[in-house]
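Listed below are the residues making up each chain.
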Amino acid sequence: MDVTLSLPDAVYAQIMLAAEKARRPVEDVLREAVTAVAPLAGTAPERERTALAQMAYLNDAALWQAARATMLVEQRVRLEALHDQKREDGLGAGEEAEEQALLALYRETLLVRAQAAVLLKQRGYDISDPEQFEPLG
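Summary of the structure given here. Treat the numbers as computed from the prediction; the structure is a model and nothing was measured.

Cut-offs and rules
Residues numbered from 1 in each chain as written. Predicted model: local features only at pLDDT ≥ 70, side-chain atom pairs only at ≥ 80, totals over all residues. Heavy atoms only, no water. Axes fitted to C-alpha atoms, helices over the stretch in contact; angles between N-to-C directions. Helix = DSSP H or I, 4+ residues; strand = E, 2+ residues; numbered from the N terminus. Parallel < 35°, antiparallel > 145°, perpendicular 65-115°, else oblique. Left-handed = near helix turned anticlockwise from the far one by under 90°. Contact = heavy atoms within 4.5 Å. Nonpolar A, V, L, I, M, F, W, Y, C, P; charged D, E, K, R; others polar. Buried < 20%, exposed > 50% of the residue type's maximum accessible area, 1.4 Å probe, protein only. Arc of directions from axis to C-beta. Polar contact = N/O pair within 3.5 Å; in protein donor to acceptor, adjacent residues only side chain to side chain. Core = buried A, V, L, I, M, F, W, Y, C linked by side-chain atoms within 4.5 Å. Patch = residues over 30% accessible without salt bridge, like charges linked within 9 Å, V, L, I, M, F, W, Y side chains within 5 Å. Areas by Shrake-Rupley, 256 points an atom, 1.4 Å probe, with all protein chains shown as cover. Salt bridge = Lys/Arg side-chain N within 4 Å of Asp/Glu carboxyl O. Lys, Arg positive; Asp, Glu negative; His and termini not counted. Charge placed at Lys NZ, Arg CZ, Asp CG, Glu CD. Expected span 1.5 Å × (residues − 1). Phe/Tyr/Trp six-rings, centres within 6.5 Å; stacked < 30°, edge-to-face > 60°.

## Here's the deal with the packing of helix 5 (residues 73-88) against helix 6 (residues 93-122)
Then step 1. In the contact formed by helix 5 and helix 6, the axes pass within 10 Å of each other and the chain directions differ by 130°. On the basis of the axis angle, helix 5 is oblique to helix 6. Between helix 5 and helix 6 lies a crossing of left-handed hand. Across from Gln75, Arg78, Leu79, Leu82, His83, Gln85 and Lys86 in helix 5, the residues of helix 6 making contact are Glu95, Glu96, Glu98, Glu99, Leu102, Leu103 and Leu105.
Then step 2. Taken together, the residues that form the contact of helix 5 with helix 6 break down as five nonpolar, three polar and six charged.

Here is the structure:
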């Protein structure tokens, strides 16, 4: 379906610049941005919706990097330790806050990885091999 959309000059200029940097047509960048935000429209916080929509402006290399993003090993180990402690002895207020912050980071990381995979798929990449998403290094 085709839609005509009027944008402020400043917004259009930003989209044009992003499309040039990504070496992609403006229409593709806009389509991917709208597609990225649509499923989250009523569920994700504004900050997350904005960040995920802006991923459509990234070039393919940056998207592959985002698709491989992970929490730091220390963060994952700490989150697991907090889960174990919560199950065994419970958590104090500070530990509960730390666990919630680490869980939020975990969710954000998963959202970024998933959005990057969706955009790469839309750009024609075969993303069926899970090994493609292992961190490089």
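## What to know about helix 4 (residues 60-67)
Then step 1. Buried within helix 4 we find Leu63, Trp64, Ala66 and Ala67. One face of helix 4 carries all of its buried residues, which in axial projection span an arc of 160°. Away from the buried face of helix 4 by more than 90 degrees, exposed residues Ala61 and Gln65 are located.
Then step 2. Backbone nitrogen of Ala61 and a side-chain oxygen of the N-cap are separated by 3.2 Å at the start of helix 4; the cap is Asn59.

## Considering the nonpolar core
Then step 1. Residues Leu52, Met55, Ala56, Leu63, Trp64, Ala66, Ala67, Ala116, Ala117, Leu119, Leu120 and Phe133 constitute the largest nonpolar core, which totals 12 residues.
Then step 2. When residues of this core are traced back to their parent elements, those giving at least two are helix 4 and helix 6.
Then step 3. Grouped together as the second largest cluster of nonpolar side chains are six residues, Met71, Leu79, Leu82 and Leu102 included.

## Observations concerning the environment of Leu119
Then step 1. Mapped onto the elements of the fold, Leu119 is located in helix 6.
Then step 2. Along the sequence, Leu119 and Ala56 sit 63 residues apart, while their C-alpha atoms lie 6.9 Å from each other.
Then step 3. For Leu119, the residues in contact, after removing those within four places along its chain, are Glu32, Met55, Ala56 and Leu63.

## Describing a negative patch on the surface
Then step 1. On the surface, Asp126, Asp129, Glu131 and Glu134 cluster together into a negatively charged patch.
Then step 2. By the element assignment, Glu134 lies in the segment after helix 6.
Then step 3. What makes Glu134 partly exposed here is its relative accessible area of 48%.

## Comments concerning helix 5
Then step 1. For helix 5, which comprises 16 residues, the first-to-last C-alpha distance of 23 Å matches the rise-based estimate of 22 Å (1.5 Å per residue) to within 8%.
Then step 2. Once helix 5 finishes, Gly90 follows within two positions and takes phi at roughly 90°, a positive value.

## Remarks on the packing of aromatic side chains
Then step 1. A complete count under the given rule lists one aromatic pair for this structure.
Then step 2. Between Trp64 and Tyr125, the aromatic rings sit 5.7 Å apart at their centres with planes inclined by 90°, giving edge-to-face as the arrangement. Separated by 61 residues along the polypeptide, Trp64 in helix 4 and Tyr125 in the segment after helix 6 bring together distant segments of the chain.
Then step 3. Residue Tyr125 is classed as partly exposed on the basis of its relative accessible area, which comes to 31%.

None of this, on its own, says anything about what the molecule does.
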